[in-house]
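Coordinate inspection notes
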Amino acid sequence: MKSINYVINGVLAVAIVILFILQFSGKKETSVTRTTFTPDENLSGVLPIAYVDMDSLLMNYNYYRDLSEVILKKEENSRANINQKANALRTEVQGFQRKLENNAFLTRERAAQEEQRLMNKQQELQELDNRLVQELMLEQQQLMSQLRDSLVAQLNLFNQNKGYQVILSNTGMDNILIAGDVYNITAELIEYLNRNYSAK
């Protein structure tokens, strides 16, 4: 039994010595294959990633400005329409109060009917305001979806010659806290987007 233990310990000692020699012999080959990115001449020594500052992009992208202007005009028209109807209703309410104070109504039932009519009109105006707000929000969502689709399509075309593997978006300091300026492609992308938008 003791001789078996000596044999096992001897084999283990030899195995440890062999592993030690292999580890420090200077021959370090690994079987791990590494994929290498071959950047174009503009990206020499830079990882194949980039980021876009969305605040700057949206502030300077002509298509976004035009969409924002469309939304703003619709919002102004909607607000003007509601304000006009609200002013007309306010005038009617003031007229009703004057008549009520001067006992201009022939019967109480007639005054109650007029009051109910004005209350219904006010409720209709509130419902119209809510409906217009909802329609405006829905249209804004559709336009922003249209902007996003256009931006992604243009970004794919832009990236055909650039070879980026990843393009990140950054709003304020939401996603990227620190990055080298070489990774910021915002200005180049804005120029590309505006050039293509004006060409359309």
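The rules behind each value
- Residues numbered from 1 in each chain as written.
- Predicted model: local features only at pLDDT ≥ 70, side-chain atom pairs only at ≥ 80, totals over all residues.
- Heavy atoms only, no water.
- Axes fitted to C-alpha atoms, helices over the stretch in contact; angles between N-to-C directions.
- Helix = DSSP H or I, 4+ residues; strand = E, 2+ residues; numbered from the N terminus.
- Parallel < 35°, antiparallel > 145°, perpendicular 65-115°, else oblique.
- Nonpolar A, V, L, I, M, F, W, Y, C, P; charged D, E, K, R; others polar.
- Phe/Tyr/Trp six-rings, centres within 6.5 Å; stacked < 30°, edge-to-face > 60°.
- Buried < 20%, exposed > 50% of the residue type's maximum accessible area, 1.4 Å probe, protein only.

1. What about the packing of helix α3 (residues 62–101) against helix α4 (residues 108–159)?
- Their axes nearest at 11 Å, the elements α3 and α4 cross at an angle of 175 degrees. Put simply, α3 runs roughly antiparallel to α4.
- Residues belonging to the contact of α3 with α4 are distributed by class as follows: 21 nonpolar, six polar and eleven charged.

2. Looking at the packing of aromatic side chains
- The final tally for this structure, using the stated rule, is four aromatic pairs.
- Residues Tyr-63 and Tyr-197 carry aromatic rings whose centres are separated by 5.2 Å and whose planes lie at 50 degrees to one another, so their mutual orientation is tilted. Here Tyr-63, found in helix α3, pairs with Tyr-197, found in helix α5 (residues 186–199); they are 134 residues apart in sequence, far enough to count as distant.
- Residue Tyr-63 is classed as buried on the basis of its relative accessible area, which comes to 12%.
- Through a chain of ring-to-ring contacts, the aromatic side chains of Tyr-61, Tyr-63 and Tyr-197 assemble into a single cluster.

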